[in-house]
Amino acid sequence: MPSWVQQGYDEYAKRLPRECELVLKEIPAGKRGKNSDIARITKEEGDRMIAALPQSTHIVTLDLAGKSWTTPELAQAMQRWLGNGQSVSLLIGGPEGLADEVRPLARESWSLSKLTFPHPLVRIVVAEQLYRAWSILHNHPYHR
């Protein structure tokens with residue numbers, strides 16, 4: 001990733017307190033070429049994603065078909081997640097989206113927008129929105 005992506009992500013991830021720590025586990029995308037078997041590559045990405053999940057985690061997929069939340073609704077979801085006392089795994093698919101094997105594992109599905117974003121930008125937007133949701137829950141002035 002370009003340095004600006006890492007800097008943007010790190011800026012918001014470091015603002016979150018320990019009880020809401022944001023940890024990025026990047027699953028390398030399968031190599032795509034002119035005659036690639038996209039279905040196989042997407043399935044393999046999904047298998048690697050599933051293998052990287054912690055035990056008993058609350059899975060939330062980021063998917064175009066997911067629910068579009070306002071920032072206050074995201075804050076309510078975050079409050080629920082923190083109250084459950086288990087880790088939360090936010091899953092973002094590769095260029096073709098999430099593998100079919102991954103979707104049924106999700107307890108919730110979140111759509112950032114009907115727009116298509118480049119993957120580097122998605123990680124920054126997600127980190128910023130999580131920090132913004134946290135700031136709402138703690139009456140921090142960032143959200144204003």
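Everything below is about the structure printed above this text.
Parameters and conventions
- Within each chain, residues carry numbers counting from 1 in the order of the written sequence.
- pLDDT decides what is reported in this predicted model: residues at 70 or higher carry local features, side-chain atom pairs at 80 or more are listed and counted, and totals for whole chains, interfaces and linings draw on all residues regardless.
- Side-chain calculation: all heavy atoms of the structure are included, whereas hydrogens and water are not.
- Starting at the N terminus, helices and strands are each numbered in turn, a helix being any DSSP run of H or I of at least four residues and a strand any DSSP run of E of at least two.
- Exposed residues in this analysis have more than 50% of their type's maximum accessible area, buried residues have under 20%, and partly exposed residues fall in between, with area computed by a 1.4 Å probe over protein chains only.
- Under the rule applied, a polar contact is a pair of N or O atoms within 3.5 Å (in protein, one hydrogen donor and one hydrogen acceptor; residues adjacent in sequence only if both atoms are side-chain atoms).
- Any two residues whose heavy atoms approach within 4.5 Å are treated as being in contact.
- Residue types Ala, Val, Leu, Ile, Met, Phe, Trp, Tyr and Cys, when buried and joined through side-chain atoms within 4.5 Å, form a set referred to as a nonpolar core.
- Note on method: axes are straight lines fitted to C-alpha atoms, helices fitted across the in-contact stretch only, with angles between N-to-C directions ranging 0 to 180 degrees.
- Orientation is classified from the angle alone, with under 35 degrees giving roughly parallel, over 145 giving roughly antiparallel, 65 to 115 giving roughly perpendicular, and any other angle giving oblique.
- In a left-handed crossing the near helix is turned counterclockwise from the far helix by less than a right angle, and in a right-handed crossing that turn is clockwise.
- Polar here means any residue outside two lists: the nonpolar Ala, Val, Leu, Ile, Met, Phe, Trp, Tyr, Cys and Pro, and the charged Asp, Glu, Lys and Arg; Gly therefore counts as polar.
- Given a helix with a known number of residues, its expected span is that number minus one, times 1.5 Å.
- Should DSSP find at least two bridges between two strands, the strands are taken to pair.
- We call a crossover right-handed when, viewed with both strands directed away from the observer, the connection leading from the first strand over the helix to the second proceeds clockwise.

### Describing the side chain of Thr-61
And then number 1: As for its placement among the helices and strands, Thr-61 is situated in strand β1 (residues 58-68).
And then number 2: Residue classification places Thr-61 among the buried positions, given a relative accessible area of 2%.
And then number 3: A distance of 3.0 Å separates the side chain of Thr-61 from the side chain of Ser-109, its partner in a polar contact.
And then number 4: Discounting residues that sit within four places of it in the chain, Thr-61 has contacts with Leu-91, Leu-98, Val-102, Ala-106, Glu-108, Ser-109 and Trp-110.

### Things to note about the environment of Lys-114
And then number 1: Mapped onto the elements, Lys-114 comes out in the loop between β3 (108-111) and α4 (119-137).
And then number 2: Residues Lys-114 and Gly-66, spaced 48 residues apart in sequence, show a C-alpha to C-alpha distance of 9.8 Å.

### Brief notes about the nonpolar core
And then number 1: With 21 residues, the main nonpolar core has Leu-74, Met-78, Trp-81 and Trp-110 as its most contacted residues.
And then number 2: Elements with a minimum of two residues in this core: α1 (3-15), β1, α3 (71-84) and α4.
And then number 3: If you tally residues by element for this core, the top one is α4, at seven residues.
And then number 4: Those residues within four positions of Leu-74 in sequence are excluded, and the remaining contacts are Trp-69, Trp-81, Trp-110, Gln-129, Leu-130 and Ala-133.
And then number 5: Core analysis: the second largest hydrophobic core is formed by seven residues, Met-49, Ile-59, Ala-99 and Val-102 among them.

### What about the packing of α1 against α4?
And then number 1: At a minimum axis separation of 8 Å, α1 and α4 run at an interaxial angle of 15°. In terms of orientation, α1 lies roughly parallel with respect to α4. The hand of the α1/α4 crossing is left-handed. Taking contact as the criterion, the partners of Trp-4, Val-5, Gly-8, Tyr-9, Tyr-12 and Arg-15 in α1 are, on α4, Pro-120, Arg-123, Ile-124, Ala-127, Glu-128 and Tyr-131.
And then number 2: Among the residues forming the contact of α1 with α4, the class breakdown is eight nonpolar, one polar and three charged.

### So, helix α2 (residues 38-52)
And then number 1: For α2, spanning 15 residues, the distance from its first C-alpha to its last is 21 Å, which sits close to the expected 21 Å at 1.5 Å a residue.
And then number 2: For α2, the secondary structure elements touched by its buried residues are β2 (88-92).

### Things to note about the pairing of β1
And then number 1: Sheet topology places β1 next to β2; five bridges connect them, and they run parallel. In the sheet register, Leu-62 faces β2, and the bridge partner there is Ile-92.
And then number 2: After leaving β1, the chain enters α3 and then returns to the sheet as β2, a path that is right-handed.

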